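Here is how the chains run, residue by residue.
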Amino acid sequence: MMVSIRMDPPLPLIFLLMIHNVLSENRLGVSYSHSYICALKHSSVIMSCTYTYPTGQHIMKVFWTKNPEHGVEPPDLFEDPEYSPRLRHLGDKQQNYTIRLSHVTQKDENKYCFRIITNKDKWLGHPGVTLAVTDLQVESPERVTEGDSVRLTCKSSCALTDRATFIWYRNSQPLTERRDGNNQLLLQSVRREDAGRYSCALHGHTYISPAAQLNVTYPPKETFIIVSASGEIVEGDTVTLNCRSDSNPPAEISWFKGRTFVGTGRIYSISNISSDHSGEYKCKSRNQHGEKYSDNVTLNVMYPPRNLSVSVNGSAEIVEGDSVTLICSSDSNPPAEISWFKENQSSSVGSGQSFSALQSGRFYCQAHNQHGSQRSDAVTVIVHGRTFLYAVAGVTGGSGGLIFIFIIVLLMRKKQRPDHITQKQDDLYVNISAHDGSLSESDAVNKNDALYSLITLNNFSHNQTEGKASDSEDTEEIQYATVLHHRNKEMNQPEEKESQYDNIRKYRTDAARRSSDQMVEDQSVIYSTIK
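Since the model is a prediction, treat every value here as computed from it, not as a measurement. (Residues numbered from 1 in each chain as written. Predicted model: local features only at pLDDT ≥ 70, side-chain atom pairs only at ≥ 80, totals over all residues. Heavy atoms only, no water.)

**What to know about the packing of aromatic side chains**
Any pair of aromatic rings gets described here by the distance separating the centres and the angle formed by the planes. For the structure shown, the criterion picks out 13 aromatic pairs. Ring centres of Tyr-51 and Tyr-53 lie 6.5 Å apart, and the angle between their planes is 25 degrees; this geometry places the pair in the stacked category. The exposure class assigned to Tyr-53 is partly exposed, which follows from its relative accessible area of 30%. Stacked on the ring of Tyr-293, the Lys or Arg Lys-282 has its end atom at 5.0 Å from the ring centre. A cation sits over an aromatic face here: Arg-375 above Tyr-364, 3.5 Å from the ring centre. (Phe/Tyr/Trp six-rings, centres within 6.5 Å; stacked < 30°, edge-to-face > 60°. Buried < 20%, exposed > 50% of the residue type's maximum accessible area, 1.4 Å probe, protein only. Lys NZ or Arg CZ within 6 Å of the ring centre and 35° of its normal.)

**Here we look at the state of the cysteines**
Within this structure, the stated rule accounts for four disulfides. Two residues share a disulfide in this structure: Cys-38 and Cys-158, whose sulfurs sit 1.6 Å from each other. Every disulfide takes its handedness from the sign of the S-S torsion; for Cys-38 and Cys-158 that torsion is 70 degrees, giving right-handed. Taken together, the residues span a long stretch of sequence, with Cys-38 in strand β2 (residues 36-40) and Cys-158 in the loop between β12 (150-156) and β13 (166-170) at a distance of 120 residues. Among the residues examined, Cys-38 registers a relative accessible area of 12% and is labelled buried. For Cys-158, a relative accessible area of 10% gives the class buried. Two residues, Cys-243 and Cys-283, share a disulfide whose sulfurs are 2.1 Å apart. (Disulfide = S-S within 2.5 Å. Helix = DSSP H or I, 4+ residues; strand = E, 2+ residues; numbered from the N terminus.)

**Section: unusual backbone geometry**
Most peptide bonds adopt trans geometry, and most residues besides glycine take a negative phi value. Here the amide bond leading from His-126 into Pro-127 is cis, since omega sits at 10 degrees, within 30 degrees of zero. Locating Pro-127 in the fold gives a position in the loop between β8 (122-124) and β9 (129-134). In this model, Asn-171 sits at a positive phi of 50 degrees, which is unusual for a non-glycine residue. Even without a glycine there, the phi angle at Asn-307 is positive, about 50 degrees.

**Digging into the pairing of strand β23 (residues 279-287)**
Bridge count between strand β20 (residues 252-257) and β23: six bridges; the pairing is antiparallel. When the sheet's bridge partners are listed, Trp-255 is paired in β23 with Cys-283. As paired strands, β23 and strand β25 (residues 297-299) are joined by three bridges and run antiparallel to one another. Considered in β25, the bridge of Glu-280 is made with Thr-298. Across four bridges, the pairing between β23 and strand β24 (residues 290-293) is antiparallel. Across the sheet, Lys-284 pairs through a bridge with Tyr-293, a residue of β24. Between β23 and the antiparallel strand that follows it, β24, lie two residues. (Pairing = 2+ DSSP bridges.)

**Quick word on the nonpolar core**
Ranked by size, the top nonpolar core spans 26 residues in total, and within it Tyr-32, Met-47, Trp-64, Tyr-97, Tyr-112, Phe-114 and Leu-131 carry the most contacts. For this core, the elements supplying multiple residues, two or more each, are β1 (29-32), β2, β3 (45-52), β4 (59-66), β6 (96-101), β7 (111-118) and β9. Aside from chain neighbours lying at most four places away, what touches Tyr-32 is Ser-48, Cys-49, Trp-64, Cys-113, Phe-114, Gly-125, His-126, Gly-128 and Val-129. (Core = buried A, V, L, I, M, F, W, Y, C linked by side-chain atoms within 4.5 Å. Contact = heavy atoms within 4.5 Å.)

**Some points on the pattern of salt bridges**
Applying the stated criterion across every chain yields a total of 15 salt bridges. A salt bridge links Lys-61 to Glu-79; the shortest N-O distance between them is 3.3 Å. Linking Lys-61 in strand β4 with Glu-79 in the loop between β4 and β5 (87-91), this pair joins segments that are 18 residues apart in sequence. Of the residues examined, Lys-61 reaches a relative accessible area of 32% and is grouped as partly exposed. A relative accessible area of 58% places Glu-79 in the exposed class. For Glu-146, the salt bridge identified is with Lys-221, shortest N-O distance 2.9 Å. Pair noted here: Glu-146 is in the loop between β11 (143-145) and β12 and Lys-221 is in strand β17 (residues 212-227), with a separation of 75 residues, a long-range link. (Salt bridge = Lys/Arg side-chain N within 4 Å of Asp/Glu carboxyl O.)

**Comments concerning the sheet that holds β1**
The four strands lie next to each other as β1-β3-β6-β5, forming an open sheet whose pairing is antiparallel. At either end of the open sheet lies a strand with only one pairing partner, and these are β1 and β5. Between one strand axis and the next, the sheet turns through 25 degrees on average, direction left out of account. As paired strands, β5 and β6 are joined by five bridges and run antiparallel to one another. Paired with Gly-91 across the two strands is Tyr-97, which belongs to β6. (Axes fitted to C-alpha atoms, helices over the stretch in contact; angles between N-to-C directions.)

Following this line, the structure appears as structure tokens:
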């Protein structure tokens, strides 16, 4: 069985409590809700207190004052022109006296006390309320690299209330969905888009901190070229290439034509451009984080025709009925239109890169495009008649046959000679002469020349002075070979164009004539006539 024992408090303790209550109700006193307040710049501050005064006294005046000095009557804040526009009374002004000070600044950082004046006494409540005014500052690293994590902190010079909610801004746009703690912003795997000016604020307050720049470095991206030329590029123009690149820090720019390095700098300018500048260009942007090439840009430089020339496919001398192909070569952009002309004729005789000439004359080509024109030097085409072909064939055939017969006769003579004769040195005389026929000088203008060729071979024996030898050994043989080619003198006959004669005669000496019975067997006598 449990027994509860009640112990009454000692009589002296109860007596003391009663005396304290009586004294509290009969003395002047002030109690403050907060003795220290950290206020955000441009915000509003509430300062509140309760006070008591002895029974039997009457309140003459109560008010808030700042920075009281000993021996100096402190001023009423409501009577101070720097405060009165920003002060408002809250509460019943009886035992709860509360005021609100708005738009606080660093100048408002003071010690504030409550003053009581009764009909019998004056009271200044200590220690009062200490007000600290702070602004907000964003603390962040000056530079981060793309892909890193970064934490931004909103800092104040004094401790704000734990219930403060921070709002973040980037380039004045709120980022309320991204918070880490009360006053921190975490950016994981930062991107180049995260670069910008960051600021912070307290929810419910209009004050926003000064912005802090977050610099995100990254390698070059989106590198491309802008060509400052409208329409087609003509030889002699000035063309400027501008390399654009998104990078941080700014990239160094290099220029290439194909694979050849041609310059540096964001702008590459070509003055008095020529066809040699045609080709593909690209730029390379590079910083400490990487490099990137732009796409190729093609410069197509237009220019008029130049370096015009005509070449002959084969021989420029042809026979009547055949043709010769002439080819025109030119350098131009765009490709030129080709026209063919015969000298001393105003109208063209053909078009296109090649032209087939059927007649004699001097021919040239002319190239033209929208930027200019040029003509080539002329080439000469000669067309011969068919009779010329026959004459050439006859001379060539006769000369070839003559040389063949001469070689055979020479070999046979050496075989027929005795050893003592073949050891002797022969005298060889070859005379080739060409002379005109018995035509007058006026006739030679209208008639073809006659061509005579005489080849004489003489073989003299060195023992001629010793008298006559035998018919077979000592008798010298004289060989005459005569080739005669001439034209028919009767040129007025239309049917007969030319006559060609090749006569080859072989005359033996008197000793040879006496041996006429052997002439049938002698193979060295040949007569050949070609008409």
